[in-house]
Amino acid sequence: MTEKTPTILFYIAGPAPTETELAAAAKIGTKRFRNAQRYVEGEALEACDAVAGCAPAAYLKKYPQADKVAEPEAKKAKPAVKVDPPPPPPPPVVAADAPPPPWAPVKPQ
């Protein structure tokens, strides 16, 4: 069963979000921006689960603030499963009477 992601409208004071607004929206988990200047008082409200940013008064009366609805990203992230690394391979077995390797390490002078 999949969880429903809350629909959060992030209201901004212009046609494009600033870096600060983008960061705030990412923190609450939304990419749905609305220009607060385009809202006309008495106009029908867009359905959502919560609002954020500089939302018009009509939205603030009807819908909760996003911080009361959205889970912070840190809580959404599932804890990483700790996996132990595989054991190191065993050292090679060399017979006592085996010939030396075809190369010899260089000794420092």
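Presented here is a report on the structure given in the accompanying data block. (Residues numbered from 1 in each chain as written. Predicted model: local features only at pLDDT ≥ 70, side-chain atom pairs only at ≥ 80, totals over all residues. Heavy atoms only, no water.)

Turning our eyes to something else, we now look at the pattern of salt bridges. This model, assessed by the stated rule, comprises one salt bridge. Close ionic contact of E46 with R34 constitutes a salt bridge, the shortest N to O distance being 2.8 Å. Of the two residues, E46 is situated in the loop between β2 (33-35) and β3 (50-53) and R34 in strand β2; the sequence distance between them amounts to 12 residues. Residue R34 is classed as partly exposed on the basis of its relative accessible area, which comes to 26%. (Salt bridge = Lys/Arg side-chain N within 4 Å of Asp/Glu carboxyl O. Helix = DSSP H or I, 4+ residues; strand = E, 2+ residues; numbered from the N terminus. Buried < 20%, exposed > 50% of the residue type's maximum accessible area, 1.4 Å probe, protein only.)

This paragraph deals with the sheet that holds β3. Strand order in the open sheet formed by three strands is β2-β1-β3, with parallel pairing between adjacent strands. The open sheet terminates on both sides in strands that have one partner only, identified here as β2 and β3. Across the sheet, the mean angle from the axis of one strand to that of its neighbour is 35°, orientation sign disregarded. The sheet contact formed by strand β1 (residues 8-12) and β2 spans three bridges and is parallel. Note on β2: the bridge partner recorded for Y11 is R34. Across the sheet, helix α1 (residues 19-28) is in contact with β1, β2 and β3; its angle to β1 comes to roughly 165°. (Pairing = 2+ DSSP bridges. Axes fitted to C-alpha atoms, helices over the stretch in contact; angles between N-to-C directions. Contact = heavy atoms within 4.5 Å.)

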